[in-house]
Amino acid sequence: MTDPNKPNQNVSEDDWADAMSEQEDTTSSADAASEEEDPWAAAMAEQEAAEESEEAAAASEPESKAPDAKVASDDVFRPLSPDSGSSQARELEMIMDIPVKLTVELGRTKLTIKQLLELAQGSVIELEGLAGEPMDILINGYLIAQGEVVVIEDKYGIRITEIVTPSERIHKLNR
């Protein structure tokens, strides 16, 4: 036989056998080296060993026993310190410039569409509120206080007479 790259040179069967045995030797040593260097194979073997040890531990322990809880350290939950109140004040300062809508409600009434269309300039609409009754003060539509009308230098104002408690707010919403 001849080497295709060197047609003038004769290659014997022994040369081929030597080359094949060399190749088998390098292939088997490369496989062994690749198994040692292969991180996936090592990781899979480690995972199998861990699973086997977990199964053995689970078989030896009763199932009703709960795993031990980890204790939270100061790294996870920082202890409160005296200066933590100042951070809350800073957080409160962040919302101080947010605008809200204040509404003073004189009273309410219900009209039909027909009554609404009959309104003209000079019409009087009767409200449910009584004269002298405190008016509702709403912030963004939520009742927060009640007050009375005052006139200061030809302008209307409202004097707060009562701050509404949360339970009273719920009662007022139902009317």
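Our subject is the structure that appears above.
This is a predicted model, so every value here is computed, not measured.

Let's shift gears to the pairing of strand β6 (residues 155-163). Inspection of the sheet shows strand β5 (residues 142-152) paired to β6 by eight bridges, in the antiparallel sense. The residue of β6 that forms the bridge with Val151 is Tyr156. Taking the residues between adjacent antiparallel strands as the criterion, β5 and β6 are bridged by two residues, where Glu153 takes a positive phi near 50°.

Strand order across the open sheet formed by four strands is β3-β4-β5-β6, with antiparallel pairing between neighbours. This sheet does not close on itself; its edge strands, each paired only once, are β3 (102-105) and β6. The average undirected angle you get between the axes of adjacent strands in this sheet is 40°.

The next point concerns the pattern of salt bridges. Under the definition given, this model contains two salt bridges. Where Arg108 meets Glu105, a salt bridge forms, and the shortest distance between an N and an O atom there is 2.8 Å. On the basis of relative accessible area, Arg108 is assigned to the partly exposed category, the value being 44%. Classification of Glu105 by relative accessible area gives buried; the value is 18%. Its salt-bridge partner being Arg159, residue Glu148 comes within 2.8 Å of it at the nearest N-O pair. Here Glu148, found in strand β5, pairs with Arg159, found in strand β6; they are eleven residues apart in sequence, far enough to count as distant.

What follows concerns unusual backbone geometry. A positive phi angle, near 50°, is found at Asn140, a position not held by glycine. Checked against the element boundaries, Asn140 lands in the loop between β4 (135-139) and β5. With relative accessibility at 46%, the residue Asn140 sits in the partly exposed group. Backbone geometry at Glu153 places phi at a positive 50°, although glycine is not the residue there. As for its position among the elements, Glu153 is in the loop between β5 and β6.

Cut-off values and rules
- Residues numbered from 1 in each chain as written.
- Predicted model: local features only at pLDDT ≥ 70, side-chain atom pairs only at ≥ 80, totals over all residues.
- Heavy atoms only, no water.
- Pairing = 2+ DSSP bridges.
- Helix = DSSP H or I, 4+ residues; strand = E, 2+ residues; numbered from the N terminus.
- Axes fitted to C-alpha atoms, helices over the stretch in contact; angles between N-to-C directions.
- Salt bridge = Lys/Arg side-chain N within 4 Å of Asp/Glu carboxyl O.
- Buried < 20%, exposed > 50% of the residue type's maximum accessible area, 1.4 Å probe, protein only.

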